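# Fold and contact review
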Amino acid sequence: MDDTMAPKTRSQTPKISPFLEPGKTTKVGSLAILQLSRDNLQPVYLKAPSEKHDGYAEGAVVNTRYGSFPHSTMIGVPWGSQIRASKVDTGSRGRNNKRKRNKSDDDGKEASATVAEEKTEQESTPAEVNDDSAAVAKKIVADVSGFIHILPPTPEVWTSSLPHRTQVVYTPDYSYVLHRIRARPGSVLIEAGAGSGSFSHASVRAVYNGYPSEGERKGKVYSFEFHEQRFHKMNQELKEHNLNSLVHLTHRDVYNGGFLIDGKSPEAEAIFLDLPAPWEALHHLSRRNPKKPEDKEWVSPLNPKKSAHICTFSPCIEQVTKTVSAMRRLGWVDIDMVEIANRKYHTSRERVGLNLSMDRGVNNSARDVDEALSRLTEIEARFREHAARSKESDDEMDGDEDDGLIKRREKKEQKGGRKRGGEKKVKIDHKPDSPESFEALPSGVPMWMEGRLITRGEPEIKTHTSYLVFATLPIEWTEEDEAAAAAARHPVIGEQKVIGLVDKAARKQERREQLQKATGNRKARRMERAAELAVTAEEEVGVVVP
């Protein structure tokens with residue numbers, strides 16, 4: 001079972017993937033990620049109003065809980081823009097679907113003028129709908145509420161929005177893995193177990209240093225997938241993302257088939273194995289045939305000039321034990337295991353106050369002692385007023401009400417009204433949407449700048465238990481390489497006059513020659529010194545010595 005999807009050789013420059021260079025604005029046919037909320041992402045391929053759609057007069061439309069968003073409003077805008085919801089003509093969709101049903105139910109026996117007219121209208125519907133869509137797209141009316149953000153495709157957002165066919169490798173895991181296996185621009189990487197393609201998109205960005213041409217070595221990913229349906233789905237996604245020339249996808253059982261491509265070595269220096277039993281595929285990742293080391297026809301998938309770095313992804317510690325044992329038998333070194341425990345923290349300012357609304361993150365308690373006393377005073381005033389009104393109502397029921405009591409009640413009501421009016425004047429009502437509320441804060445600073453900074457851990461973590469085993473396989477070291485390296489690092493090995501390389505008599509003779517040379521040098525220096533002193537004496541007395 002070996003099915004390889006090799007990219008075709010093209011003379012022209014291939015189209016660059018939006019995962020590598022998305023550009024500044026959105027385009028027709030490009031992949032976009034719609035951010036409905038912080039953790040709700042939806043991938044969409046943008047379509048022009050003239051392309052095939054569900055029958056809306058506005059063209060292709062994305063319907064969400066936050067409103068309807070025609071594709072025409074998301075084309076030609078900068079990445080990261082906020083897209084307002086639009087009012088969509090849902091009736092046009094129903095009319096178009098009805099026309100399609102009428103066309104399918106027509107058995108061809110009736111040839112009346114009405115049917116012919118409807119058929120003619122259907123044949124002209126694409127052009128008419130396209131014209132209407134183009135006209136409506138220019139006059140789309142924004143809805144009263146609802147918006148989304150449009151993001152460029154990156155491996156991080158794709159991991160959070162891709163359709164899960166298997167358990168995916170999340171960003172905290174694959175970012176650390178790519179760092180440990182030395183994946184860099186120009187590297188060749190082997191991936192076994194493509195699955196949903198999360199690691200494939202991240203690894204191709206890490207090794208990308210340009211699209212390859214004939215006879216040129218560039219960074220590339222060789223991915224292998226055992227499941228046939230996942231293989232075809234993954235291959236389709238790579239073509240849609242313009243990554244099929246950078247990711248070589250192969251349908252194969254690597255336990256038995258190995259990692260060669262058409263019998264040739266990919267010469268990889270980075271390996272990632274996301275397999276149920278990675279120890280059964282390790283014997284293919286060797287410098288020589290583990291079963292027959294003398295076999296010279298055996299081809300290794302590793303780069304012979306560089307050390308290979310590997311990572312295996314296993315959910316159980318029993319798998320780790322078997323993998324480490326196999327690595328030790330095959331000569332892998334620097335073996336260690338890592339478990340990634342990632343957790344996000346949300347940072348915000350704690351807003352404290354009795355007069356704040358019951359929003360999320362608001363602490364409805366007294367800001368200070370003055371605010372607490374003010375609230376207690378207000379509560380006591382309301383309690384006295386309520387008690388007075390209850391007593392007056394009891395007096396009215398007993399029939400003891402007179403003119404003096406009525407006047408006193410009116411005075412109390414007027415007095416209480418002035419107090420309530422005064423309280424309303426000093427009361428601060430914080431409305432997040434009113435600019436006046438910012439100036440009414442006691443501290444005189446904006447609402448979002450008040451309060452102490454607090455952090456809260458993320459309640460749900462998108463990850464799973466995984467043990468990452470890392471190891472290194474050095475390059476093959478022959479006797480010729482050892483001699484060449486020794487001569488380059490220690491040039492003294494090439495010399496002959498070294499203790500241990502000559503006999504005792506030769507060392508003694510060499511010592512005599514050194515002493516005679518030193519003695520002769522001392523005599524010559526004495527004679528030179530005597531001549532200098534004689535010349536100095538003659539100059540002082542002016543006498544020439546015969």
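Per-chain numbering applies: the sequence of each chain, read as written, is numbered from 1 onward. This being a predicted model, a pLDDT of at least 70 is required before a residue's local features are given, and a value of 80 or more before pairs of side-chain atoms are given or counted; all residues contribute to the totals for chains, interfaces and linings. Excluded from the side-chain calculations are hydrogens and water; all other atoms, namely the structure's heavy atoms, are used.

Going by this rule: UniProt positions are given in the numbering used here, feature names are shortened, and annotations may be inferred rather than shown by experiment.
An unreviewed UniProt entry lists the protein chain under the name tRNA (adenine(58)-N(1))-methyltransferase catalytic subunit TRM61, with Podospora comata as the source organism. Listed in UniProt under the heading Subcellular location (unreviewed entry), the comment for the protein chain reads: "Nucleus".

## Things to note about the packing of aromatic side chains
For clarity, the threshold we go by: Pairing of aromatic rings covers Phe, Tyr and the six-membered ring of Trp, with a centre-to-centre limit of 6.5 Å; geometry is then stacked below 30 degrees between planes, edge-to-face above 60, and tilted otherwise. Counting from the N terminus, the helices are DSSP H or I runs at least four residues long and the strands are E runs at least two residues long. For every residue, the accessible area obtained with a 1.4 Å probe (protein chains only) is divided by the maximum for its type, and the residue is called buried under 20%, exposed over 50%, and partly exposed between those limits. By definition, being over a ring means that NZ of Lys or CZ of Arg is both within 6 Å of the ring centre and within 35 degrees of the ring normal.
This structure, assessed with the given rule, holds six aromatic pairs. Judged by centre distance (4.1 Å) and plane angle (20°), the rings of Phe199 and Phe272 are stacked. Here the residue Phe199 occupies a position in helix H6 (residues 198-207), and Phe272 occupies one in strand E11 (residues 270-273), the gap between them amounting to 73 residues. When its relative accessible area of 3% is taken as the criterion, Phe199 is described as buried. Where Tyr208 meets Tyr211, the ring centres are 5.8 Å apart and the plane angle is 75°; that geometry is what we call edge-to-face. Taking the relative accessible area as the measure of exposure, Tyr211 reaches 14% and is therefore buried. One aromatic cluster is present, formed by Phe199, Phe272 and Phe313 through successive ring pairs. The ring of Phe470 is capped by Arg180, whose NZ or CZ atom sits 4.2 Å from the centre of that ring.

## A word on the side chain of Ser200
The cut-off we apply is this: In this description, contact between two residues means that some pair of their heavy atoms is separated by no more than 4.5 Å.
Of note, Ser200 is situated in helix H6. The class for Ser200 is buried, based on a relative accessible area of 1%. Contacts of Ser200, omitting those with residues within four sequence positions, involve Glu191, Ala194, Ser223 and Met234.

## Focus on the nonpolar core
Definition in use: Nonpolar cores are built from buried Ala, Val, Leu, Ile, Met, Phe, Trp, Tyr and Cys residues. Side-chain atoms within 4.5 Å join them into one set.
In terms of nonpolar packing, the biggest core is built from 32 residues, with Val177, Leu178, Ile181 and Leu189 touching the most fellow members. With residues up to four places along the chain from it excluded, the contact list for Leu189 reads Leu178, Ile181, Ala183, Phe199, Ser203, Lys220, Val221, Tyr222 and Ala270. With 29 residues, the next largest nonpolar core counts Ala192, Phe259, Ala308 and Ile310 among its residues.

## Things to note about a negative patch on the surface
Operational definition: To count toward a patch, a residue needs a relative accessible area over 30% and no salt bridge; like charges are then connected within 9 Å, while nonpolar side chains (Val, Leu, Ile, Met, Phe, Trp, Tyr) are connected within 5 Å. Only the protein chains shown count as cover for residues, with accessible areas throughout obtained via the Shrake-Rupley method and a probe of 1.4 Å. A pair is scored as a salt bridge if a Lys or Arg side-chain nitrogen falls within 4 Å of a carboxyl oxygen belonging to Asp or Glu. Counted charges follow a simple rule, with Lys and Arg positive, Asp and Glu negative, and His plus the chain ends left uncounted. All charge positions are set by atom: Lys at NZ, Arg at CZ, Asp at CG, Glu at CD.
A cluster of acidic side chains, namely Glu479, Glu480, Asp481 and Glu482, defines a negative patch on the protein surface. Within the element layout of this structure, Glu479 appears in helix H13 (residues 479-489).

## Observations regarding H6
Judged by how many residues are buried, H6 sits mostly within the fold: nine of 10 residues are covered. Those residues of H6 that sit buried are Ser198, Phe199, Ser200, His201, Ala202, Ser203, Val204, Ala206 and Val207.

## So, the packing of helix H5 (residues 171-180) against H6
Defined as follows: Note on geometry: axes are C-alpha line fits, over the in-contact stretch for helices, and angles between N-to-C directions span 0 to 180 degrees. The scheme is simple: roughly parallel for angles under 35 degrees, roughly antiparallel for over 145, roughly perpendicular for 65 to 115, oblique for anything else. Should the near helix be turned counterclockwise from the far one by less than a right angle, the crossing is left-handed, whereas a clockwise turn marks it as right-handed.
Across the interface, H5 lies against H6 with an axial gap of 10 Å and an inter-helix angle of 40°. In terms of orientation, H5 and H6 fall into the oblique class. In the packing of H5 onto H6, the handedness of the crossing is right-handed. Between H5 and H6, the contacting residues are Tyr174, Val177 and Leu178 on the first element and Ser198, Phe199, Ala202, Ser203 and Ala206 on the second.

## Considering the pairing of strand E10 (residues 247-252)
Consecutive residues of a regular strand have side chains that alternate between opposite faces of the sheet. For clarity, the threshold we go by: Following DSSP output, two strands are said to pair if at least two bridges run between them. By definition, the crossover connecting two strands over a helix is right-handed if that path, from the first strand to the second, turns clockwise as seen with the strands pointing away from the viewer.
Of all six residues in E10, six are buried, a share of seventy percent or more. Burial along E10 is two-sided: the residues Val247, Leu249 and His251 and His248, Thr250 and Arg252 are all buried. Sheet analysis places strand E9 (residues 220-225) next to E10, joined by five bridges and oriented parallel. Within E10, the residue paired with Tyr222 across the bridge is His248. Regarding topology, helix H7 (residues 228-240) serves as the crossover connection from E9 to the parallel E10, and that connection is right-handed.

## Focus: unusual backbone geometry
With a phi angle near 60°, Arg182 is a residue other than glycine that sits in the positive phi range. Examined against the element boundaries, Arg182 turns out to sit in the loop between H5 and strand E8 (188-192). Since its relative accessible area comes to 39%, Arg182 is described here as partly exposed.

## Quick notes on the confidence of the model for the protein chain
As a reminder, the rule being used: Confidence of the predictor at the level of single residues is given by pLDDT, which spans 0 to 100.
Per-residue confidence for the protein chain averages 77 on the pLDDT scale, and 70% of its residues sit at or above 70. In the model of the protein chain, helix H3 (residues 125-138) stands out as the element of lowest mean pLDDT, 40, in contrast to E11, which has the highest, 96. In the model, residues 6-11 has pLDDT below 50 throughout and makes seven contacts with residues more than four positions away in sequence or in other chains. Contacts for the low-pLDDT stretch residues 107-138, under 50 throughout, to residues beyond four places or in other chains number 22 contacts.

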